[in-house]
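# Tertiary structure, described
Each chain, written out:
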Amino acid sequence: MTIRRANFLTDIIDADLAAGRVTRVATRFPPEPNGYLHVGHAKSICLNFGLARDYAGTCNLRMDDTNPVKEDVDYVLSIQKDVRWLGFEWAGDVRFASDYFEQMYAAAERLIECGDAYVDHQNVEEIRQNRGDFGRPGVDSLFRTRSVAENLILFRAMRSGAFVDGTCVLRAKIDMSHPNLLMRDPLLYRIRHAHHHRTGDTWCMYPMYDYAHPLEDAVEGITHSICTLEFESNRELYDWVLDHTRNADGEPWNPRPRQYEFARLGLGYTVMSKRKLLQLVEEKRVNGWDDPRMPTIAGLRRRGVTPEALRDFADLIGVAKNNSLVDIGKLEFCVRQDLEKRAPRAMAVLQPLSLQLTNWPLGHTDLLTIPWKSGESATRQVPFGREILIERDDFSEDPPADWKRLSVGKEVRLFGAYFVRCDEVVREDGEVIGLRGTVDLDTRGGETKDGRQPAGTLHWVDATHALDCELRLYDRLFTVEQPDADGDFLPHMNPDALQVLQGQMEPAAAELPAGTHVQLMRVGYFFSDPVDSEPSKPVWNRVIGLRDTWTKAPGRTDGRPDRRKEAPEARKDLPGKDATQKKNRVEWRAERRASTPELAAAHGRYCALGLDADAADLLSEEVAIVAFFDQALRAHPNPLSLSRWFLNDLEGLRKGRPLGEISLDGATFGHFVALVDGSRITVQAGKQLLAHLVANGGDPVALIAAMGLGKVDDNSAIFAAVDAVLASMPGEVTRFRAGDQKLLGVFIGAVLKQLRGSADAGAVRQSLLERLKE
RNA sequence: UCGGGGAUCGUCUAAUGGCAGGACCGCAGACUCUGAAUCUGCUCAUCUAGGUUCGAAUCCUAGUCCCCGAACCA
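Residues numbered from 1 in each chain as written. Chains lettered and ligands numbered in written order. Predicted model: local features only at pLDDT ≥ 70, side-chain atom pairs only at ≥ 80, totals over all residues. Heavy atoms only, no water.

### Focus on the protein's contact with RNA strand B
In the vicinity of RNA strand B there are 90 residues, among which Asp 11, Arg 192, Gly 445, Asn 584 and Arg 735 approach most closely. Put simply, 59% of the atoms of RNA strand B that lie within 4 Å of the protein are in sugar or phosphate. In this structure, a base oxygen belonging to RNA strand B sits 3.1 Å away from a main-chain N or O atom of Lys 404. Note that a phosphate oxygen of RNA strand B is positioned 3.2 Å from one of the backbone N or O atoms of Arg 585. Broken down by element, the residue count for the surface near RNA strand B peaks at six residues, all from helix H23 (residues 743-754). Class assignment of the residues belonging to the surface near RNA strand B gives a composition of 28 nonpolar, 24 polar and 38 charged. (Near = heavy atom within 4 Å. Polar contact = N/O pair within 3.5 Å; in protein donor to acceptor, adjacent residues only side chain to side chain. Helix = DSSP H or I, 4+ residues; strand = E, 2+ residues; numbered from the N terminus. Nonpolar A, V, L, I, M, F, W, Y, C, P; charged D, E, K, R; others polar.)

Listed below in structure tokens is the structure:
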């Protein structure tokens, strides 16, 4: 049973289900088949398929193949393979946007018939020019006012192949001065005489993403269409398309899909854009899409990362809307955690250093039995002879004080075998080429009866029985955390991201079944390369090294920058702004008042009433507010109280909606505030009531009775509640008496909740303090 | 310049007016036939300034910073 992690999307789905907006959950994962999937897609896959699983819904796999010049059937296959490998199965067959081309076309004709779309003959340059920009509205196309009949003829001609690429396009007729540039008559269809990987030459025009995607979702009955943050602006167009099209029965889409956006995965020390990944592959800077250095799913799989680790990673990083850069250490953690559990242990040395054991009988081999994993019963045989290979790094002529490895005169344990001591160093041209030492024959199996402790325990292999193997060590693909932060990412490539070593491995490792993940003791987790490995020449990929708290102890050598903010910096916003800077809200309102006498008068009146400048300023922002507030003032002439409730509470409750659209008028609002001021209802309960009034309207007095919000002045009721609450929280009471003052709020909250907000918070507080003193 | 988003430990993410929590990283210790794993403990955060409230990460006001958007790409 998987534990569902809550995030803003599960909140939305819970609310949708509770409100009955949807009765089931249907999601989709919609890649464009123009590249291989990467770990960022893995996050999205886990999200979409995970949501479907958690809510017993469905998730479709859909190829968003609306641009034939970039897409390829190879990618279609690799995508399916990767999704399955990650452990997910889609509902029904794989879907293709191209399967809906006929329906999309029909919907486009209907759009034309309704006057919502037109064929534009402007060229690319003209269209761009006339779209305007952030500071300038666009201009209508000369072709915008063509008749429906003419548009229909032209559009059909587009389909029939009467035009060459670029001659014309179909555009939605929305608004060329819309502040959202995507809404300035967006393109719906463009002509492309191109061969499509599925529809072949059936079509010579193809729908654009913004038109196609909502229809794909709607046709499939998707309820929650989840995409990444950069599509936030597209949502308005997504909704427009669904609002202006109908299903096959001519009905509005039901369920009506909704788009939600989450932050895509940003991962340190790598690049994630398909374009850049493609560039690495095409320029042969890596060895294909499945190069183990690549963040592609294929690359991670070949390197030896498991689907479980990737899914754990997706869970670990969560889902939110913050722009985030995930520390690659989190992925490494998940990989280690997963491999730690599953990997049998074996020994291999990366850079061998010979150790001759001078007291070991010549030609004799001892066969030791060592468990594959400590504490488990499965074992393997490990030969031990006169010449042993140890790791070059495990010997030091000049060791630091805390050296736990071999040095001259020191004794170490060879894992699972014997204690050995180093007696002398063998040199050639001054360089260490080997060691000579002695073995304690009484320590077979690595134990000694006299309780002697060796300096440390090393991994090793027997020189005469060791197997040659290629060991590929991987490191981060880039040397900086954000290779694509600015300019070219290529110069930041890590030349040492792949290091190939010829190592020596214990013979039993060859018996391990293919696809086994193994921990080479003290070196890391390895995975037999599924492509280049051969029985005669095994190739092992290091998935990830072991956590190392020693080699980089004094000063970190991994180069990870500390992103901690530097100490309290000088305030930047200190000097007064010069007047030439952009207008702020206050100035904007002042200008409005200057040009609207009614607002200016209201402002003056409110100031005279004793309101402070800020409040008066805000209340005279627009005529509707003034009218509302004046009405309230007539019902309850307490300007201060009214302004506080209006500004601090009502403004939040109406969430930007015009005052005319909420179910509460000024007089009722005034009446409401009078009730609070007259102690008929507490502030706490007042907030509940106001929220209800804004949402549903009604008569405040009647509602107080109906909702049971009337103020309780009866102290005995408060005492009873206080006692009940304190009795139910003995632990908290003890902590409070021990000095944890924060808990007073918890108690107040609990009492108020029990009394449904109908008691005065001050009185509750008093009562609690008295009781707690005892 | 306009529109849309976002801001909580170094990192990722919770807390939906009531004890700022978890995880990664880091540090310290215990244990150890892997300087691993395991176990224990510790360090560390609400962008700023005002306001409302008994009580604010959360509501209001003003500001600051960051991201996205002007392909016949998705």
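From this point, the discussion proceeds with the structure in view.
### Focus on unusual backbone geometry
With the exception of glycine, the majority of residues adopt a negative phi angle, and the majority of peptide bonds are in the trans configuration. Looking along the chain, the bond that leaves Asn 254 and enters Pro 255 is cis, with omega of 0 degrees. Even without a glycine there, the phi angle at Asp 429 is positive, about 55 degrees. Along the chain, the position of Asp 429 falls in the loop between strand E17 (419-428) and strand E18 (431-440). Exposure remark for Asp 429: the relative accessible area of 81% places this residue in the exposed category. (Buried < 20%, exposed > 50% of the residue type's maximum accessible area, 1.4 Å probe, protein only.)

### What about empty space enclosed by the protein?
By the definition in use, this model includes one cavity of 30 Å³ or more. As a volume, the largest cavity reaches approximately 30 Å³. Contributing to the lining of the largest cavity are Tyr 209, Asp 210, His 213, Pro 214, Asn 234, Tyr 238 and Gln 259. Mapped onto the lining of the largest cavity, the elements with two or more residues apiece are helix H7 (209-220) and helix H8 (234-243). For the lining of the largest cavity, the leading source of residues is H7, giving four residues. Partitioned by chemical class, the residues of the lining of the largest cavity number three nonpolar, three polar and one charged. (1 Å grid on protein atoms, 1.4 Å probe; cavity = no way out; pocket = protein on both sides within 12 Å on 5 of 7 lines; lining within 4 Å. Points joined across faces, edges and corners; volume = space filled by probe spheres on them.)

### Some thoughts on helix H2 (residues 39-54)
With 16 residues, H2 extends 22 Å from end C-alpha to end C-alpha; this agrees with the ideal 22 Å at 1.5 Å per step. Among the 16 residues of H2, 14 are classified as buried, and the element is accordingly described as predominantly covered. Directly beyond the C-terminal end of H2, a positive phi value near 55 degrees is found at Ala 56. (Expected span 1.5 Å × (residues − 1).)

### Considering the sheet that holds strand E15 (residues 387-391)
Sheet architecture is open: seven strands sit in the order E19-E16-E17-E18-E12-E15-E20, paired in mixed fashion. At either margin of the open sheet sits one strand with a lone partner, and together these are strand E19 (457-458) and strand E20 (460-462). Here strand E12 (residues 352-357) pairs with E15 via five bridges, running antiparallel. Considered in E15, the bridge of Gln 356 is made with Glu 387. (Pairing = 2+ DSSP bridges.)

### Some thoughts on the packing of aromatic side chains
In this description, an aromatic ring pair is defined by two values, namely the gap between the centres and the angle between the planes. Going through the model one piece at a time under the given rule, you end up with 25 aromatic pairs. Where Tyr 105 meets Trp 203, the ring centres are 6.0 Å apart and the plane angle is 50 degrees; that geometry is what we call tilted. Of this pair, Tyr 105 sits in helix H4 (residues 101-113) while Trp 203 sits in the loop between strand E6 (187-191) and strand E7 (205-207), and the two are 98 residues apart along the sequence. With relative accessibility at 6%, the residue Trp 203 sits in the buried group. A centroid spacing of 5.7 Å and a plane angle of 55 degrees characterise the contact between Phe 628 and Phe 646, whose relative ring orientation is tilted. Of the two residues, Phe 628 is situated in helix H16 (residues 623-635) and Phe 646 in helix H17 (residues 639-653); the sequence distance between them amounts to 18 residues. Side by side, Phe 628 and Phe 646 carry an identical accessibility label, which is buried. (Phe/Tyr/Trp six-rings, centres within 6.5 Å; stacked < 30°, edge-to-face > 60°.)

### Looking at the confidence of the model for chain A
Across chain A, pLDDT averages 92, with 95% of residues at or above 70. Here residues 553-560 scores under 50 on pLDDT; set against residues more than four positions off or in separate chains, the count is seven contacts. Taken as a whole, residues 566-582 scores under 50 in pLDDT and shows one contact with residues more than four places along the chain or in a different chain. (pLDDT = per-residue confidence, 0-100. Contact = heavy atoms within 4.5 Å.)

### What to know about the layout of surface pockets
Taken as a whole, the second largest pocket encloses approximately 1400 Å³ of empty space. Around the second largest pocket sit 46 residues that line it, and His 41, Thr 228, Glu 230, Phe 231 and Arg 264 are the ones nearest its centre. Listed by contribution, the elements that provide at least two residues to the lining of the second largest pocket are strand E1 (26-29), H2, H7, strand E8 (224-228) and helix H9 (274-282). For the lining of the second largest pocket, a count of residues per class yields 17 nonpolar, 15 polar and 14 charged.

### Things to note about the side chain of Asp 64
Secondary-structure assignment places Asp 64 in the loop between strand E2 (58-63) and helix H3 (73-85). No salt bridge is formed by the buried Asp 64. Its closest oppositely charged neighbour is Arg 62, at 5.2 Å. A distance of 3.0 Å separates a polar atom in the side chain of Asp 64 from a polar atom in the side chain of His 213. Residues within four places of Asp 64 in sequence aside, it is in contact with Pro 30, Pro 31, Glu 32, Pro 33, Glu 71, Ala 97, Tyr 209, His 213 and Glu 216. (Lys, Arg positive; Asp, Glu negative; His and termini not counted. Salt bridge = Lys/Arg side-chain N within 4 Å of Asp/Glu carboxyl O.)

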